[in-house]
Amino acid sequence: MRETIQINNVSKLYKLGQINSGTLRNDLTIWWNKVVKRDKLKLQHLNNYSNGINKNEFKWALKDINLSVEKGTILGIIGKNGAGKSTLLKILSRITAPTSGTVRMNGSISSLLEIGTGFHGELSGRENIYLNGAILGMNKKEIDNNLDSIVEFSGVERYIDTPVKRYSSGMYVRLAFAVAAHLDSNILLIDEVLAVGDIEFQRKCLDKMGQIAGGGRTILFISHNMKAIANLCDRVVMLENGRISNIGEPKKLIRSYLESNMSTKTFSNEIDMTDIPQGGNGTVSIKKIRLFGDNSPNCNFDVGEEIKIQVDYYNQLEGNKLCIYISIHNENEEVIYVSGNLNSLSINTDKWFNKPHPIGLFQSYCIIPGNFINTGNYFLSVNIQYDVNQHAAISGPILKFKISDELGSIRELNQELLGYMRKKIYWESKQILLNKDCDN
Amino acid sequence: MTTSKSSNWDLTITSHRGWFELNFGELWQYRDLLWIYFRRNIITEYKQTILGPLWIFIPPIVTTLLFTIVFGKIAQLPTDGLPGPLFYMSGLVIWNYFSSSFSGTSNSLSGNSGLFGKVYFPRIIIPIATLLSGLIRFFIHFILFLCVLIYYSFNSNVELFPNYYLGFFFPILILIMGIQGLGFGLLFSAITTKYRDLRYILGYCMRLLMYASPIIFPLSIVPDKYRLVILINPITSVIEIFRYISLGTGQINYYGLFYSISFTIIIFISGLIIFNKVEKNFIDTA
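Residues numbered from 1 in each chain as written. Chains lettered and ligands numbered in written order. Predicted model: local features only at pLDDT ≥ 70, side-chain atom pairs only at ≥ 80, totals over all residues. Heavy atoms only, no water.

Residue and element names in this part refer to chain A. The 6 strands lie next to each other as β5-β6-β7-β3-β8-β9, forming an open sheet whose pairing is mixed. Because the sheet does not close on itself, it has two edges, and the strands there are β5 (109-112) and β9 (243-248). Within this sheet the neighbouring strands show an average axis-to-axis angle of 15°, counted without direction. (Pairing = 2+ DSSP bridges. Helix = DSSP H or I, 4+ residues; strand = E, 2+ residues; numbered from the N terminus. Axes fitted to C-alpha atoms, helices over the stretch in contact; angles between N-to-C directions.)

Put into structure tokens, the structure is as follows:
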């Protein structure tokens, strides 16, 4: 079969820290000392100053990537945060150039690293369809032909001539995805687009992706959603520290990925996130996640014990409207429980929910009641969002903890209780017919 | 990042890129985006303002009145015998197009890093769209100027000797101002991705350049020792020719015109080259 994408020895070098001094003055001083005064000692000092004190602040985000993708393949790209997935997609979609190496492609390409790119709040839904469509690479005729279908798919017919700033966030996302779903390119590059919106909408997106995939198009798809990857992809590439560590059939690869990912983590009641790469747009950084049981740090909880989850995070953007979510994952990385400081998910009112946050360090905590989550090993992830559904910082399933029944709360039961939930609920039984009545 | 077509592949991406590479075929492919983005600029510019599109008219009228009072009535600077409003507005119409082209495009890269970080299209589309929406504003200002000109033509106290037969120069003048503004803008937007502090200098540069152009004074009153400074300014000859055609004052200096055109071409090409160089990787540091 004909190759659509051929990647040869692609590498990408990033300089960490500040890229240059950022001010003209410092660079001029360097130039002055270098060219005019030839003062080597001072020059070195200045260079260190402008490049960051540490000299080894270069990082190969990608190193010697070789890959060819055949026409019609749906290729999943998995890997931990910072493994180079997004960098690879950015190079393929020509947002940034590789440091070395070559990529060759056949056919038209569209990249969906975000939905609703270029949306302007003052413009109507219809105008934004044209704007967004054109930015994604459609021409006016293609948009004209698809307009009715886009509007129908989005389900916002009634508001199509209203400025999108009046849209609810759900409507906004639906309209944005509707445009993206009608892209008619031969190659689609998709990055975690499905991580927005509610479950129903995510399912709709996945269905649509499946349909698109059936049409013989080539798709490269980055996701942390292993289920979606397993369902959609023909082949999976696993990236690790900028290199391809494995290529193969999805189910097998995902299993080994999850195992390696999970088993390496040890139980811990506290994690310092300062040096751990985080997802999101970077306006917030999660600093520390801690677990407490009955007010002392803990990671092995009794099933009847309350679990207090405490998160320290630093907001770097003045006025960022933040809310915080926690998710509990099982050992297969499936999410079994999510909560957040939204009014509809909390029994009290968190006064910082969706309020503009000044720059600074914040701390949130929540309490998961005892007798709620069943025994087992779990992972905790923290997700801080802005404007309700946009990612500001994502920790990924990072903190491993255990819920056990060593005190023997389930005395009546001689075996493990199935399921993930074990909340005590109301039960009542009564006899409604007497035995002798049945005989009649 | 080369985006050339080789024999077997539609697209090749590599790390290096030629010194001067503007892919016109690709620009043509994205012409609809240019048009839609241009419309977006026009539509969104005056939304959420009380006076709306009236804002197009307010700046030239207010500045002209201000200049007439301050420089004409109070400082009593000569205006080559022309009525103050006509003299100042003729300079301002040309100047405003240049300055809006320059400052409008000078933030093309940094101001759109969010967009450029998510999707590829020829980056040059954004400054070109800005240039085109500035052109619309220029035409409206030009019509405003024509109204003032017609008003004074019927005023018997004023005698004008316009040289309308040289009207074919107009498109060249507009092109010079637009392309020169774009060239400066591209240069600036490329440099400011690295040196953010230069953005604050822009405002001062513009004001300085304005006072070095014959907008509030005619070239004829400039003393000989400063004359060269004013003539080095590539905008001078454009304003002078514009006044010569429409009002009959000033002079038409073909050397000056040739200088302006050469300057425009040089600044545009160097702007384009540096913009191209910076554009391929600036998102890594934005």
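This part covers the interface of chain B and chain A. At the junction of the two partners, chain B supplies 40 residues and chain A supplies 50 residues. Counting each side, the surface lost to burial between chain B and chain A is near 3800 Å², with a carbon and sulfur contribution of 62%. Interface area lost by chain B to chain A is led by B:Trp9, B:Ile13 and B:Lys118, which between them contribute 19%. Taken together, the links from chain B to chain A amount to 2 salt bridges. Counting every contact that joins chain B to chain A gives 13 residue pairs in polar contact (both at pLDDT 80 or more). Breaking the side of chain B that touches chain A down by element, the ones donating at least two residues are β1 (11-14), α2 (31-45) and α5 (113-116) of chain B. No other element matches α2(B), which puts 8 residues into the side of chain B that touches chain A. For the side of chain B that touches chain A, the residue count by class is 17 nonpolar, 10 polar and 13 charged. Pairing analysis gives 4 bridges linking strand β4 (residues 100-105) of chain A to β1(B), with the strands arranged antiparallel. Within the sheet, the bridge partner assigned to A:Thr102 lies in β1(B) and is B:Thr14. (Contact = heavy atoms within 4.5 Å. Buried area = accessible area lost by both parts, 1.4 Å probe. Salt bridge = Lys/Arg side-chain N within 4 Å of Asp/Glu carboxyl O. Polar contact = N/O pair within 3.5 Å; in protein donor to acceptor, adjacent residues only side chain to side chain. Nonpolar A, V, L, I, M, F, W, Y, C, P; charged D, E, K, R; others polar.)

Turning our attention to a nonpolar patch on the surface. A surface patch of nonpolar side chains, about 690 Å² in accessible area, is lined by B:Ile50, B:Leu51, B:Leu54, B:Trp55, B:Phe57, B:Ile61 and B:Leu65. Relative to the elements of secondary structure, B:Trp55 occurs in the loop between α2 and α3 (58-74). (Patch = residues over 30% accessible without salt bridge, like charges linked within 9 Å, V, L, I, M, F, W, Y side chains within 5 Å. Areas by Shrake-Rupley, 256 points an atom, 1.4 Å probe, with all protein chains shown as cover.)

Applying the stated criterion across every chain yields a total of 9 salt bridges over all chains. A salt bridge links B:Glu26 to A:Arg94, with the shortest nitrogen-to-oxygen separation between them at 3.0 Å. Of this pair, B:Glu26 sits in helix α1 (residues 24-29) while A:Arg94 is found in the loop between α3 (85-92) and β4, placing the two residues in two different chains. This pair shows no difference in class: B:Glu26 is buried, exactly as A:Arg94 is. (Buried < 20%, exposed > 50% of the residue type's maximum accessible area, 1.4 Å probe, protein only.)

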